[in-house]
Structure formats: C-alpha cells, structure tokens
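Coordinates in review
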Amino acid sequence: MVNEQEIEIVAKLMKIEIDDHKEYIDKVHAMIDYFDILDNAGVQDEEISMKDIPLSNLREDKHIPYEDKLIERLNNYKGTYVRAPKMI
Amino acid sequence: MTKIGLEIHCQLTNLESKLFCPCKANYREYEPNTNICPICIGLPGSLPRLNQKAIEKASMIAMALNCSTPEKIAFFRKNYFYPDLPKNFQITQLNIYGDTSIGGLGYTMVGEKKIRITRVQLEEDPGRLIYEGSSSKNQTTLVDYNRAGTPLVEIVTEPDFENPKQVREFLNILSDLLQNLGVSDPSLEGAMRADANVSIEGGNKVEIKNIGSFHDLEKAIHFEITRQESLYSRNIPIVQETRHWDDRRKITISARSKEEELDYRYFLEGDIPWIRIDKDTQERLQKEMPESISSKKDRYVSKYGIPAQVADVLSSDKFYSDLFEQSHNEKNAKEIANIITTDLMGLVDTREKREQSKFTSKHLEELADAIQSGKITRNSAKNALYEIVKTGKDLTQIIAELDLGNVSDESEIEKIINEVISQEPQAVEQAKKNPQTINYLVGKVMQKTKGKADPKLTLDLLKNKIK
Amino acid sequence: MSLRISALEYVQEVQNGNISAEDYVSKTIEQINNVDENLHAFLQINSEAIDNARQIDKKIKSGKNVGACFGMPISIKDNICIKDSKTTCASNMLENFIAPYDATVISKLKQQDAIFVGKTNLDEFAMGLTTEFSAFGPSRNPWNLDYVPGGSSGGSAVSVSAFECLASLGSDTGGSVRNPASFCGVVGFKPTYGLISRFGLISYANSIEQIGPIARTVKDTAFILNMIAGLDPNDNTTIDNSNQDYLLGIDSGIEGKKIGIIKEMIGEGIDSAVMSATKNAISKFQGLGAVCEEVSLDMVKYSVAAYYTITATEAGSNLARYDNLRYGYDFPVEGYEFNSYISKARRKFGPEVTRRMILGGFVPSSGHAGKYFLKALKVKQKLTQEIDQLFKKYDFLIAPTVPVLPFKIGEKIDDPVALFLVDINTVTANLTGKPAISVPFEISNGLPIGIQIFANSNDDKSLLQAARALESTVKLPEVPI
Ligand SMILES: [Zn+2]
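Residues numbered from 1 in each chain as written. Chains lettered and ligands numbered in written order. Predicted model: local features only at pLDDT ≥ 70, side-chain atom pairs only at ≥ 80, totals over all residues. Heavy atoms only, no water.

Concerning the overall build of chain B
- Helix and strand content of chain B: 16 helices and 15 strands.
- Scaling as 2.2 N^0.38, a compact globule of 467 residues should have a C-alpha radius of gyration of about 23 Å, whereas chain B reaches 29 Å, well beyond that.
- Overall size of chain B, expressed as C-alpha extent along the three principal axes, is 90 × 55 × 50 Å.
- The buried share among the 467 residues of chain B stands at 54%.
- Looking at chain B alone, contacts between residues at least 24 apart form 68% of all its contacts between residues at least 6 apart. (Helix = DSSP H or I, 4+ residues; strand = E, 2+ residues; numbered from the N terminus. Rg over C-alpha atoms; globule rule 2.2 N^0.38 Å. Buried < 20%, exposed > 50% of the residue type's maximum accessible area, 1.4 Å probe, protein only. Contact = heavy atoms within 4.5 Å.)

Here's what the structure looks like:
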C-alpha cells in the first residue's frame, strides 16, 4: 500500500507541483493498486532482453554541422547562451 | 589499510562526431551553442543515432585494460534534472540485466601492483554551466550545450590503490594508454576527469566528487586520508557519504542533503537496440588496435638495441613513438631514438610548441643520416634541429646558412692542430706520456672550429703529430 | 464531385483528369469549415493547402513527374513534426513549439506530393483513449456527437471518418490508432515495431509505439504504408522491409489460413453487441475459407498493468525534457531557484499527464522497481513468448478491437481504472511488437464496432490481406454527417 507521503516525494522527484493533492493521490492510488496484479503473473524467472542489431548498422563517424543556427530558434540569452535559474 | 578507488571519465576527443549526432566531438573551438543540433539539444521528436566508431574505440579501451567484452551491449537512461542535461536524462550503460557494458572485469599493472577494473562504460557528456554574478542573489546560470553528447568513457576501478602516488602512476599509465590507442588527447582541457572513493582501515567508504584536475585529485585524496585518520584517532565514526572537493579552500565538504538523495530510475533506452559485437568483430578490433606501449618498448630494445630507459621514454609517448616509427630504419634507429629523447623532447615539451613546430619525420631521417655519414657532428645536429623546429627549412639549407657542415678538409684541420700544439705545449707533453689526455687537445680543436671538425679525423691527425 | 471516395479512387480520378487536386482540396477545406466546429478533429488547418494543390495541378499539367499522392489531402496527428509549423501534442506545455524539421514520415509523404490539410487533436502527449485529455478540448464522434471518438489519435480518426481528409497518420502506443479507428468506423493499422520510422514523432513510450495510418479502406492503408515504411538512418530501431509492396496481392484472400480467437479478449466485461459482432466476424472468416479456433494468451490478464507501468516509466523520462529552459512558453527564470522554477513551469501539464508522471516516478524508483517495473518488463517478455508460440501454429489472431462500444463524453474520464480496461485488447500488439489492424465491421445502435487482426512480426503484408478479406464481406451505412 502506497501512502500520501510517498506520492509527494515522487511528485518532487519528477519536478511536478500539484495543488489538489487529495484528488491526485486518490487516482494515482487506484492506479497503483491495480498494478498489484503483477504479483500474480509468476514471471520471476523471465530474463530481460531486447532486439539487437549488428555494429555495422550504426552511423558512420562523420562530422556534419547542423545547417541552421539552432540557438536562434531556442530561448536564448545574450544571443548565444541558454539561461537557467539559480543553482543555489 | 587505506583503500582508494577511482572513476575516470575520458572523452573520445579524437572522434569526428558526438556519440548520438553528427556534431563535432571536440567542441573546444566553438562559440557557445554553435556545435548543437536537434539531437544533442534533445528537441522533441529527435532520436539518438549511435556512432559506430565510438563503440569500437570504447571497446578497444576495454580490451587494452584486459576487460571482458560482452557480445551484446545495452544502453540505459539515468534520469535526473539538471540544466546541463538537455533531455534531463543521460544515456549511459549499466550491468543490471547481465554484463551489457562495453567492458567487464579487467586489470592493469602499475609496476608490480595489479589494479582491477570493475567496468568500462560508454556514455554522453552533459553541457557546461557558466555562472555569472558575484553573490548567490544575483547569480545567473548560463548554459552552453556544445559539449552535450560528447562521447565519454567511464572507467571504474576496484578500491585497489593504497596511496595517492599509486593513483598518480596509474593515471599516467592510463593517459599514455589512451593516447597510444589514438582515441583521446588527454592533454586537452577537461578531456580526462576523475572522482575518487577513499576508506581507511575501520572506516566507511567516502566518495569525493567535483575534482577539477588530476593535480587536485591527489590533493583531495591526501586531504581525505588525513581527515579520516584524524576522525579515527579521536574515535569519531567515519560515515559513508559523498563529499565535494572545494577547489578554493582545498578541502572536502560533506554534500549530504535531501536534494542529493537522487533516485535515477535507471531503465533500458528503447531508442537504441542492443548492439551485437560478435567474436569476428571483436577479433577485427583487436587486430586494428595499435601496438601496445610495452610491446613497442620490448621491440625497440630487442630489435635495435636501444637502451631500456630510452625505449621506455620513447614508447610511452605516442607523439614521439609515432615520429620514431615514421623516420627510422634498421640502420639509423638508435641514432633517431637518441635525437628524439636527448634533443627533440626538450625543444617541443608542450602542446603549443608541438603544434607550432615545423619539423617532419623526414627531417629526423636526414639528420640521423648526416650524423652517421659524418656530414655534421652531434653537436651541430642539435643546433640544426633547433633551427628546423623553428623554421621547417631543409637540412642542407640550414647547414649551409649556419655553416654547420663538418670541417673534414685535412689541411684545414692540420692548420688548426698546429695552432693548438703551439699554444698548449704542456698538454702536448702530457699527452705524449699519457695518451688518454689527448682528448683535451681534441676539445680545443673543436672549440676553434665551433664543433664542426670531424672528431675522428681530428683524433687521427693529432695522434700522428704527437707521436 | 463527391468527397466520399477512397484515397486510391482519388488518385485514379486525378490521373484521369476527372477532378483536379485543387477542386478536391478546396472541397475538403470547405468540409472542415462546415463540420469541424462540432467535431473538433483539428487543432490547426494548413492555410496553404489549396495553394499547394494548385502547384501540384500545374505539375500534372506540365507533364512533370508527380508523386503517388497527386495532392491527396492528409491529416497529421499533432505529435508528429512538420517543419516550421507548430507541434503541440495538445499540451499547453508545447503550445508554441515549432519543429525545425520534418518527421521522416512527413518528408516521405512530401516527396509523394501529399498535402497536409492540418494537425489533428489527441489526448495530451497521446496519453488517453478518448481524446478528452486534450488541453484544447475533446473531439467528438461523427457517428454520434455525444460520444467519444476514442483516442489518443481521436482527431485523426474523426477527420478520416468525416471526410475532412482522405487519410491520416496517428500514433499507436497501446491502441491509439486502432481504438479511435474502431470507434469511428475506419481502418487503423499498427505496424510491426520498427517498420515505420519514429523520427519526428514526439515520444510518449518509445519502446513500444509506432506511427500508423488511418484510412477509409484497407487498400488505402496499404497505399499509405507503401510510402512511409522502411529503414531510416534517423531511427536506429527501424527494420529493413526490402521495399515491400503492400498493395500487391492484397486481394489474395485467406483461404486455408488458421486463425486463433484470443479467449482472454472476449471474456469478462465484454459488451454483448461486441461479442455478437465478433461471432459474426468469425463466421465471415470461416466463410472465406479460414479455420478458426479459440486460443489462450495467458499473460493478457496482466498486460494492461504491465503496459501502464512501462508507459508511465518511459513517459516520465521522455517528458522530463520539458523544463521550459530551451523552448516552451513565456515564463522568465528571474528570481527562481532551479528546482522551484522547473516544478512551476511544469504545472502546464494537464491532470492526466501529471498523474502518469507521478506513476512514472514511482514504479521504476529504486524502492519499487522490483515490484512493478521489473515485473512489467517480464510480463512483456513472457507475453511475447506466448504469442510467438501461437504464431507457430496460427497465421492470424483475432479479437474485437475494443471490448466495449463507444461511450459518452465524460462517462469514464474520472475513473482511471475503468479506462484501463478499455485498452485490454489493444496493448498486446504494442507490448509484443506485433502488427495489428482494426477493420470496421458492424454498427450497433448507430455506433461502430471494429474487429482486430494480429499477425506475426514482419507479416504486415499478409495481415493487410486478411483485413482486406474481412472488409470485403462488410457494407456499413454512411456516416450520419
Ligand atoms: Zn548534435
């Protein structure tokens, strides 16, 4: 069972500020409770793997400058920088 | 016993492009945010395009560190928010679903000491933050993403070091090794960084992060050992924690806070399939790997009779060993090794000097031949080399311009010998009694000819005169 | 000239000189102007569409080479990037985002002279199955305006169903193409994972999602697929399809094929009308010469929980980049500390996205990954093994696309777990990477029911043949608009 405090910690981890705590927590709770059925799937012994491709399918190491001045399309500061908030 | 482990980050600076996009891997000469594209800036809809050569080079590093190399490698996401991380996750490697990092367990020797390697992984470097404003109140954080996505190899060691000296030796060896592989230029600013963990007998492991240079790394380890020993002697427990190196005050500071307790939520990067590096490919890479430093050294000693110490110096620096390889042949090898290690190294001892210097391997070849054929003396060769490095001019031209050619005309040398004999009657007498001292007179002749007289001829002529 | 033709008929008519691209596109825009106020399929209309059509007519007249689309009006889900135009994902967070590039599917269609009439509505970041979670308001079902059109590619399905375009591209993460296709009475196709490049598709759960065509006929679907499928250097997960022609032999039929009916997808909670439609579909298949029998896919019971665990985890990571620093909406950083700024900026995410992000932080976190995320991955793994096993014996598997009929707008929006169960028949194709298609089959009480067919990986071509065979047995009434 998941408690309210845990969900608040997660919201902070995900950098999400929420107003309507109760409303979010109830719904998220309901969802997580539903996930408990995974316990019955009996899949402990399965191994995780993924599709693989040969090394030769990958991109050739070549420098191709981007044709556009991308920074001009972004939120820029003093022309060439991106500005971030204070880092304490 | 003190135990020290390292996490070394090394950029593959010699690659053309970044790990997941075609932007330049060596970002150093760019204006802020001009070496970026939708992929490395993480624009929505962009996908990583893995660089084949980055995998190959990282794999070579793993092989050179005697690591196991799995046949399939996987990439993971390490999730955390930071402004230098355009996607707010870093694509990296991990061994949670079996050994899927580019390199597994390995080792490298530091003298007689075996340092075990835990793993080698390939990942992307974040961008760079620049802080403007003096106080924390008016601080502005600026972000330059030129570095974001630069291929980075992380090498993690077991805590096998016992003191900072071993750490330094290991880092030197590693740095030479990376350079020799042609994957990186460790002398570039920020190309090699390291974090350390330190524990003393009876204490917990403490990690030190945020260390700017290898010089500071040694200091940080020293500081940390002293700090921990002091705590221990006063019976204060040493807590397991992460500490930051304070560059200004040269101390470590506890970084423990709620915010630091990150949960990276590692999981597989679905945009990159697992990469198959089968046995054939591994064998090909092994073959393509440049000769190792120790093998080069052995070869220089056994094949050319170069003294072990000279061979050691020559083989461990890629720049010089490449020069040697390009210029030597069976006959002149020893001479060239000699020119490089006694004269050239002093002339181009910094990166800038190397870049500005004008000499080529051809020059070295000609120089060695000139010495061996008696065209110029060793001494003159040194002066010629200085001029070559500066101007890049032809050796013959330099010999002519600076009048460095040997005086091998018998009559001319005889004239000078006669002068010397008349000026140094005592020395002549002595030489008659004790032939060993004739060298003094040879030296005098050399002085008068500014080192250009053929030494062998001079000696023969002198001997005849004095007999 | 009628708008009510198929894409292939359009190509024929334009080629024969019976209609011009300009005529058809103008009429299409007119239709959008007439009906979209009620339907809300579109978030943006391309104001240059008619001009583009005129250009293509010129090209045709001058005898130049013309692409296979001949100016065909196509709509695009608003999570697929078109260069220099807005791509919002129906989110306030991206309301001003202008992509500097075309998605691979877009460049391929441009090369074939398709015309993009507009960007269609979706659940915010494709998280939903009703299109009610769009930050810009829901779309409505053309068969009955009180009902949801399904989702998340609701706008795409509506636009195809209501003659606001000839075909559309949606994206399918857990049924987001097939579900609205089923609810709106059109064809929706989710290809084998990797068949269509995802470059330029804004990721929600990248390890399982695919772009997929929505069209009025199976042949139109194959026609669109021909143009957009195949290996793409911009997407490392794409597969080589050797330039297959999916239209060629599409009428081959399914005589002698073996079809498995997935038991777990017609069990508890299935609507009786959907059940009876499924039975009818089975007899049609049998009538076409196929052998049908019931099969079991045990892991389906856990598939929805696994699906939401995996998608929430990937979404939490994929949406992390929306921190408003590099692009986004106007909200200056002055005076804020990093964490508080980001957390405030991210309040622009709607409630469903916010919920899934919280889930996405929770289920893979170090304390809970073993209980949720890892198990979910293992269910995915085992489900894939099970279905692979079935495909050794069967050519196709079938089930209703959605176990329930379309429901009313607002009916389920507040009950996330009730919504989960609507996905039960579609997520399997995504978790296993298999191709699946929804074919409109019956109308019950004025609402469409779709039948879903699955095939093995890379059997997309034979899947389309089976879908075409089923489609040929069906004659649905006209959409009441
Ligand atoms: Zn880039």
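Some details on the sheet that holds strand β2 (residues 72-73) of chain B
- Pairing within the open sheet is mixed, and its three strands lie in the order β1(A)-β15(B)-β2(B). In this open sheet, the two edge strands, each paired with only one partner strand, are β1 (52-54) of chain A together with β2 of chain B.
- For β2(B) and strand β15 (residues 274-276) of chain B, the ladder comprises two bridges, and the chain directions are antiparallel. What sits directly across from K72(B), in β15(B), is R276(B). (Pairing = 2+ DSSP bridges.)

Overview of the domain arrangement of chain B
- Once the domains are mapped, chain B shows domain 1 (2-282), domain 2 (291-402) and domain 3 (410-465).
- Taking the mean C-alpha position of each, domain 1 of chain B and domain 3 of chain B sit 64 Å from one another. (Domains from an automatic or database assignment.)

A short note on the nonpolar core
- Within the largest apolar cluster, 188 residues are counted, with the highest numbers of intra-cluster contacts made by I55(B), F170(B) and F125(C).
- With ten residues, helix α9 (residues 300-318) of chain C is the single largest residue contributor to this core.
- Setting aside residues up to four positions removed in sequence, I55(B) forms contacts with L55(A), L58(A), L50(B), I73(B), F75(B), I102(B), L122(B) and I277(B).
- Counting residues in hydrophobic clusters, the runner-up holds 97 residues, among them I76(C), V187(C), I270(C) and L464(C). (Core = buried A, V, L, I, M, F, W, Y, C linked by side-chain atoms within 4.5 Å.)

Considering the interface of chain B and chain C
- In this complex, chain B contributes 32 residues to the contact, which on the side of chain C involves 41 residues.
- When chain B packs against chain C, the two sides together hide about 2,800 Å² of surface, and 56% of this comes from carbon and sulfur.
- Notably, a salt bridge pairs D271(B) with R198(C), separated by 3.0 Å at the nearest N-O pair.
- For the interface between chain B and chain C, the tally reads 16 residue pairs in polar contact (both at pLDDT 80 or more).
- When its residues are assigned to classes, the side of chain B that touches chain C shows 18 nonpolar, six polar and eight charged. (Buried area = accessible area lost by both parts, 1.4 Å probe. Salt bridge = Lys/Arg side-chain N within 4 Å of Asp/Glu carboxyl O. Polar contact = N/O pair within 3.5 Å; in protein donor to acceptor, adjacent residues only side chain to side chain. Nonpolar A, V, L, I, M, F, W, Y, C, P; charged D, E, K, R; others polar.)

Re the pairing of strand β10 (residues 192-199) of chain B
Residue and element names in this part refer to chain B.
- Burial analysis of β10 places eight of its eight residues in the buried class, which makes it a mostly covered element.
- Where burial is concerned, the two faces of β10 agree: the one with M192, A194, A196 and V198 and the one with R193, D195, N197 and S199 are both buried.
- Bridging between β10 and strand β11 (residues 206-209) involves three bridges; their strand directions are antiparallel. The residue of β11 that forms the bridge with N197 is E207.
- Here β10 hands over to β11 after six residues, with G202 in that stretch at a positive phi of 85°.

Description of the interface of chain C and chain A
- Across the boundary between the two partners, chain C contributes 62 residues, which contact 49 residues of chain A.
- Of the roughly 5,200 Å² buried at the junction of chain C and chain A (both faces included), carbon and sulfur atoms supply 64%.
- It is R355(C), I358(C) and K378(C) in chain C that bury the most area against chain A; as a group they hold 13% of the surface buried on that side.
- Run the count over chain C and chain A and you get eight salt bridges.
- Notably, a salt bridge pairs D39(A) with K375(C), separated by 2.8 Å at the nearest N-O pair.
- Where chain C meets chain A, there are 23 residue pairs in polar contact (both at pLDDT 80 or more).
- Sort the elements by how many residues they give to the side of chain C that touches chain A and helix α11 (residues 351-362) of chain C lands first, with ten residues.

Some points on the environment of G267(C)
All names here are of chain C.
- Looking at where G267 falls in the secondary structure, it is placed in the loop between β7 (258-262) and α8 (272-287).
- By relative accessible area, which is 33% here, G267 ends up partly exposed.
- For G267 and A312, which are 45 residues apart along the polypeptide, the C-alpha to C-alpha distance reads 27 Å.

Here we look at the coordination of the zinc ion
All names here are of chain B.
- Coordination sphere of the zinc ion, protein contribution only: C21 (SG), C23 (SG), C37 (SG) and C40 (SG), at 2.3 to 2.4 Å.
- Geometry at the zinc ion is tetrahedral, judged from the four donor atoms that bind it and their angles of 101 to 114° at the metal.
- One chain supplies every donor to the zinc ion, and in sequence these donors are spaced C-x1-C-x13-C-x2-C. With C21 in the loop between β1 (3-11) and α1 (52-64) and C37 in the loop between β1 and α1, this pair connects stretches of sequence that are 16 residues apart.
- For C37, a relative accessible area of 5% corresponds to the buried category. (Donors = N, O, S within 2.8 Å, 3.2 Å for Na, K, Ca; no water. Tetrahedral: all angles 85-135°; square planar, octahedral: opposite > 155°, others 65-115°.)

A closer look at the packing of α9(C) against α11(C)
All names here are of chain C.
- Where α9 contacts α11, the two axes come as close as 7 Å, and the packing angle between them is 100°. As far as their axial angle goes, α11 and α9 are roughly perpendicular. Taking contact as the criterion, the partners of Y308, A312, T313, A315 and G316 in α9 are, on α11, R356, M357, L359 and G360.
- The class makeup of the residues in the contact of α9 with α11 is five nonpolar, three polar and one charged. (Axes fitted to C-alpha atoms, helices over the stretch in contact; angles between N-to-C directions. Parallel < 35°, antiparallel > 145°, perpendicular 65-115°, else oblique.)

Re the packing of helix α14 (residues 425-433) of chain B against helix α15 (residues 438-448) of chain B
Residue and element names in this part refer to chain B.
- In the contact formed by α14 and α15, the axes pass within 8 Å of each other and the chain directions differ by 140°. Accordingly, the angle class assigned to the pair α14 and α15 is oblique. In contact with A427, V428 and A431 of α14, α15 contributes I438, Y440 and L441.
- Looking at side-chain class alone, the contact of α14 with α15 contains six nonpolar, no polar and no charged residues.

A closer look at the side chain of T28(C)
Residues and elements named next belong to chain C.
- Locating T28 in the fold gives a position in helix α2 (residues 21-39).
- We classify T28 as buried; its relative accessible area is 0%.
- Ignoring any residue separated from it by four or fewer positions in sequence, one finds T28 in contact with L3, P73, V117, F163, E164 and C165.

Some details on the pairing of strand β12 (residues 241-246) of chain B
Residue and element names in this part refer to chain B.
- Note that β11 and β12 share four bridges and pair parallel. For K209, the partnering residue across the bridge sits in β12 and is H244.
- Crossover handedness for the path β11 to helix α3 (residues 214-233) to β12: left-handed.
- The pairing of β12 with strand β13 (residues 251-254) spans four bridges and is classified as antiparallel. Counterpart to D246 in the pairing with β13 is I251.
- In sequence, β12 turns back onto β13 through a hairpin of four residues, with K250 there showing a positive phi of about 60°. (Right-handed = clockwise from strand over helix to strand, strands pointing away.)

Focus: the pattern of salt bridges
- Scanning the model with the defined rule gives 67 salt bridges over all chains in all.
- E189(B) is the partner of R128(B) in a salt bridge, and the nearest nitrogen-oxygen pair spans 3.9 Å. Of this pair, R128(B) sits in strand β7 (residues 128-132) while E189(B) sits in the loop between α2 (164-181) and β10, and the two are 61 residues apart along the sequence.
- Since its relative accessible area comes to 33%, R128(B) is described here as partly exposed.
- Note that K250(B) is salt-bridged to D247(B), the shortest N-O span being 3.4 Å.
- Assessed through its relative accessible area of 48%, D247(B) is described here as partly exposed.
- Via salt bridges that share partners, R77(B), E269(B), D271(B), R198(C) and D235(C) belong to a single interconnected network.

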